[in-house]
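Coordinate analysis (summary)
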Number of protein chains: 2
Amino acid sequence: MDNTEPEQPIARSRPITARELARRLGVSQSAISRAFTPGTSISPAMRQRILRGAEEFDYHPNAIASMLSTRRSNIAGIVVSEMQNPFYPTLIEKLSRELQREGLQSLMFNITRGSNIEEQLVALRKYNVDAVVVISATVLSGASLRWATEGRAAVLVNRTIPDLPLTSVSCDNVEGSRAIADHFHAIGRRNVAFVGGLPHTTTNLERQNAFISRVAELGMTLTHAVSGGEYSYEAGYRAAMEIGRSRNVDAVFFANDILAIGGFDAFRDGLGLRIPEDIAIAGFDDIAMSRWPRYSLTTFRQPVDAIIEKTIQLINEQLAPGRYLPTQHALSGDLLIRRSSVGDLASETIGPFRT
Amino acid sequence: MDNTEPEQPIARSRPITARELARRLGVSQSAISRAFTPGTSISPAMRQRILRGAEEFDYHPNAIASMLSTRRSNIAGIVVSEMQNPFYPTLIEKLSRELQREGLQSLMFNITRGSNIEEQLVALRKYNVDAVVVISATVLSGASLRWATEGRAAVLVNRTIPDLPLTSVSCDNVEGSRAIADHFHAIGRRNVAFVGGLPHTTTNLERQNAFISRVAELGMTLTHAVSGGEYSYEAGYRAAMEIGRSRNVDAVFFANDILAIGGFDAFRDGLGLRIPEDIAIAGFDDIAMSRWPRYSLTTFRQPVDAIIEKTIQLINEQLAPGRYLPTQHALSGDLLIRRSSVGDLASETIGPFRT
DNA sequence: TTGAAAGCGATACCAT
DNA sequence: ATGGTATCGCTTTCAA
């Protein structure tokens, strides 16, 4: 510690303030504020002068102070839980980019085992986020959610809460799961199974119910309906090892891709089954891995871009002055037929990286 | 619009403030502040009373206002770029959880193509983040980094900048890459290749140089040193297809796991090679996929927990009053020998999920 | 220990 | 179009 400094405090040179800039430029502090606020009444000359001055003195408006006066934080809280499912990092990255485009920075709240949920939600409110996007959170109860989102724009992505008036955007799980069932039927499979992921989640329940009821409608036999317990490769692997031993099943729908990929490896490497000859496989999401030639997984693609676009739009609506009504949106996706269900797909045998 | 309300403005019931709570409880506003600040001089009785009152009237301190007074935001900016590399979502999730434990919320800044980097950095400063963690960012120049981190705690993770006095924490890339080379040598391979990822990144350069020079020291032949151009499955696949055709190579070190996994599929499915008999493969990182039985990838494990712990510690040091000197830290990892290099590993043939 | 009052750095309303 | 000033909600001296 070389405390050779004189009386003068070290004064870790604070950034310059609007007041100070105003003083140096000989204008009012209000002028500074206007220069940085689009759509205010200020002469181009004045604005020019101030912006130039700001450049010179390295002035940047203090967002914190501005938040305090405007009561707008320009921050969106993203509540996240399943980061180990590859679908979500992708979604979150895109979402956060689009939010940025709308002038909202993303504050992340990880809700996972190991983190204190209560504390997280308190933080969410303390930071005064303008908007909350809850992404397929498992653990949050309806009551917590209501509390966390109260009084601010909020959108649930890929999850809904019964009896809670919250806006939500999802992939149409029913459409997708029925499409898978239809596809299994179309390729001549009659003994099908379902492998679930995280129990009690919207995605899981909807996919399971829609699939099973469509299977019944089509007159197919449901040989198994098991739960992996979580959305993971390992869970899919284990479930498949179980199902695959009883040789009476010829098609399996996994509630998402990462489960399906685990199942794929179990069937093929673990049990020596041929895919799709012995057993056809389908997943849900269309994560990058499902396009890998090794797997070439038939799946139902979530319309990620549309989901994000809709989310942004709904946030903007809620942020705008005036009333709004919570609405639920289920967006259409696409069935992607790949080799895990139809081995001889011509378009698939050409190159390794076709959709 | 049912504007049936009387004179009284609609007043979207703002949250209650400290002043108001103080009024209702008949205490001073300062007392409220003290009650919520650990280590302040306030009687237990008073604190009790206030906390109970806060409960009753649903008072929560406004973090924004507090930031303005303290000039502490309790926010850490996390600058991120390679979210498609599975290593990073995991790292980020853990990091953000640990930061939370230290009372720092994570504000994400995605620096990717498609995002306006300049704007991002400006935001980083405007939000007055207390700390910045830059995670293997590619695109940021030294000058930008200096500007973005100036005057606040900053740690670079898995990246260093020559000639820039910034604190950094990395996996020891040199140690790891040499260990891979040693391992190849130990299992009798003599014609080895290197496949790089993102050019000009610290991780890539260090791994490449260390590997190549160790290969030379050991008297092995370097048959190829190619760049995939990015860290991705596809890049690894393509590079492997190229290398694999010339049949004079018996071991390949990929600069990270996701590259290696792409390479694995290319060698095995694309070219029909046997792994490891025909060609041994190693990666770097130890992402979850490398443990999948399908791949069972030999790799060098990054000490994620240690990296995070060190990062947190360094941030705390910098946040504490007083001087600090930027330091560089390279943390030791572990070589994990799996079936992609040693096919008959006894410990590996038992169950599907061994390390 | 407690309360009063002066900031923190912007915004926004009001005159001019 | 510009400047003056109250205000946002909290922290932090300073007295009492």
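Residues numbered from 1 in each chain as written. Chains lettered and ligands numbered in written order. Predicted model: local features only at pLDDT ≥ 70, side-chain atom pairs only at ≥ 80, totals over all residues. Heavy atoms only, no water.

**Regarding the domain arrangement of chain A**
Residue and element names in this part refer to chain A. By the assigned domains, chain A splits into domain 1 (18-69), domain 2 (75-171 + 304-331) and domain 3 (173-301 + 334-351). Between the C-alpha centres of domain 2 and domain 3 there is a distance of 29 Å. Contacts between the two partners involve ten residues from domain 2, matched on the other side by 15 residues from domain 3. Between domain 2 and domain 3, the buried area comes to about 1000 Å², and carbon and sulfur atoms account for 57% of it. Broken down residue by residue, the surface that domain 2 buries against domain 3 is led by Pro86, Phe87 and Cys171, which jointly contribute 42%. Counting the contacts that link domain 2 with domain 3 gives two residue pairs in polar contact (both at pLDDT 80 or more). (Domains from an automatic or database assignment. Contact = heavy atoms within 4.5 Å. Buried area = accessible area lost by both parts, 1.4 Å probe. Polar contact = N/O pair within 3.5 Å; in protein donor to acceptor, adjacent residues only side chain to side chain.)

**Concerning the sheet that holds strand S6 (residues 191-196) of chain B**
Residue and element names in this part refer to chain B. A sheet is described by the order of its strands in space; here four strands give the open sequence S7-S6-S8-S9, paired in parallel fashion. Two strands lie at the open edges of the sheet, namely strand S7 (221-227) and strand S9 (280-282), each paired on one side alone. Adjacent strand axes in the sheet meet at a mean angle of 15°, parallel and antiparallel pairs treated alike. Two strands pair when backbone bridges link them, and S6 and strand S8 (residues 251-254) are joined in this way by four bridges, in the parallel orientation. Looking at S8, one finds that valine 192 is bridged to alanine 251. (Pairing = 2+ DSSP bridges. Helix = DSSP H or I, 4+ residues; strand = E, 2+ residues; numbered from the N terminus. Axes fitted to C-alpha atoms, helices over the stretch in contact; angles between N-to-C directions.)

**Describing the pairing of strand S11 (residues 328-331) of chain B**
Residues and elements named next belong to chain B. Burial along S11 is one-sided: His329 and Leu331 are buried, while Gln328 and Ala330, pointing the other way, are not. Pairing of strand S5 (residues 168-171) with S11 involves four bridges; the strand directions are parallel. Across the sheet, residue cysteine 171 finds its bridge partner in S11, namely leucine 331. (Buried < 20%, exposed > 50% of the residue type's maximum accessible area, 1.4 Å probe, protein only.)

**What to know about the environment of A:His200**
All names here are of chain A. Here histidine 200 lies in the loop between strand S6 (191-196) and helix H9 (202-217). In this structure histidine 200 comes out as exposed when scored by relative accessible area, which is 74%. Note: C-alpha distance between histidine 200 and glutamate 20 (180 residues apart in sequence) is 57 Å.

**Some words on the interface of chain B and chain A**
Listed by partner, the interface residues are 60 residues for chain B and 60 residues for chain A. Of the roughly 5500 Å² buried between chain B and chain A on both sides combined, carbon and sulfur atoms contribute 58%. Taken together, the connections running from chain B to chain A amount to zero salt bridges. Across the chain B-chain A interface, the total number found is twelve residue pairs in polar contact (both at pLDDT 80 or more). (Salt bridge = Lys/Arg side-chain N within 4 Å of Asp/Glu carboxyl O.)

**With respect to the packing of helix H8 (residues 173-186) of chain B against helix H9 (residues 202-217) of chain B**
Residue and element names in this part refer to chain B. With their axes 8 Å apart at the nearest point, H8 and H9 run at an angle of 40° to one another. It follows that H8 is oblique to H9 by the angle criterion. H8 and H9 meet at a crossing whose hand is right-handed. Residue-level contacts link Asn173, Val174, Ser177, Arg178, Ile180, Ala181, Asp182 and Phe184 of H8 to Thr203, Glu206, Arg207, Ala210, Phe211, Arg214, Val215 and Glu217 of H9. Looking at the contact of H8 with H9, its residues break down into seven nonpolar, three polar and six charged. (Parallel < 35°, antiparallel > 145°, perpendicular 65-115°, else oblique. Left-handed = near helix turned anticlockwise from the far one by under 90°. Nonpolar A, V, L, I, M, F, W, Y, C, P; charged D, E, K, R; others polar.)

**Topic: the pattern of salt bridges**
Under the counting rule described, the total for this entry stands at 34 salt bridges over all chains. Across the pair B:Glu217 and B:Arg178 runs a salt bridge, and its minimum N-O distance is 3.4 Å. Remark: B:Arg178 occurs in helix H8 and B:Glu217 occurs in helix H9; sequence separation between them is 39 residues. The salt bridge involving B:Asp285 is made with B:Arg207; its shortest N-O contact spans 4.0 Å. Separated by 78 residues along the polypeptide, B:Asp285 in the loop between S9 and strand S10 (299-301) and B:Arg207 in helix H9 bring together distant segments of the chain. Considered together, B:Asp285 and B:Arg207 belong to a single accessibility category, that of buried residues. In the salt-bridge network here, residues are joined through shared partners; they are A:Arg178, A:Asp182, A:Arg214 and A:Glu217.

**With respect to the protein's contact with DNA strand D**
Around DNA strand D, a shell composed of 28 residues is seen, among which A:Arg34, B:Ala18, B:Gln29, B:Ser33 and B:Ser69 lie nearest. The share of sugar and phosphate among atoms of DNA strand D within 4 Å of the protein is 57%. Within the backbone of B:Ala18, a nitrogen or oxygen atom sits 2.5 Å from a phosphate oxygen of DNA strand D. For DNA strand D, a base oxygen lies 2.7 Å from a polar atom in the side chain of B:Ser69. Of all the elements in the fold, those that place two or more residues in the surface near DNA strand D are helix H2 (29-35) and helix H4 (63-70) of chain A together with helix H2 (29-35) and helix H4 (63-70) of chain B. By residue number, the principal contributor to the surface near DNA strand D is H4(B), which donates five residues. Of the residues contributing to the surface near DNA strand D, the split by class is ten nonpolar, 14 polar and four charged. (Near = heavy atom within 4 Å.)

**So, the sheet that holds strand S11 (residues 328-331) of chain A**
The strand order across the open sheet built from twelve strands is S11(A)-S5(A)-S4(A)-S3(A)-S1(A)-S2(A)-S2(B)-S1(B)-S3(B)-S4(B)-S5(B)-S11(B), with neighbouring strands paired in mixed fashion. Each having just a single partner strand, S11 of chain A together with S11 of chain B make up the two edges of the open sheet. Pairs of neighbouring strands in the sheet enclose a mean axial angle of 20°, with direction left out of account. Looking at chain direction, strand S2 (residues 105-110) of chain A and strand S2 (residues 105-110) of chain B are connected through three bridges and run antiparallel. Across the sheet, the residue bridging to A:Leu107 is B:Leu107, located in S2(B). Helix-sheet contacts for helix H6 (residues 117-126) of chain A involve strand S1 (75-80), S2 and strand S3 (131-135) of chain A together with S2 of chain B, and the interaxial angle to S2(A) is about 160°.

**Considerations on the protein's contact with DNA strand C**
With respect to spatial proximity, 28 residues lie near DNA strand C, and among them A:Ala18, A:Gln29, A:Ser33, B:Arg34 and B:Ser43 are the closest. Here a base nitrogen of DNA strand C sits 3.4 Å away from a polar atom, N or O, in the main chain of A:Ala65. The contact in question runs from a base oxygen of DNA strand C to an N or O atom on the side chain of B:Ser69, over 3.4 Å. Among the elements of the structure, H2 and H4 of chain A together with H2 and H4 of chain B are those that each provide at least two residues to the surface near DNA strand C. With five residues, H4(A) is the single largest residue contributor to the surface near DNA strand C. Looking at the surface near DNA strand C, its residues break down into ten nonpolar, 14 polar and four charged.

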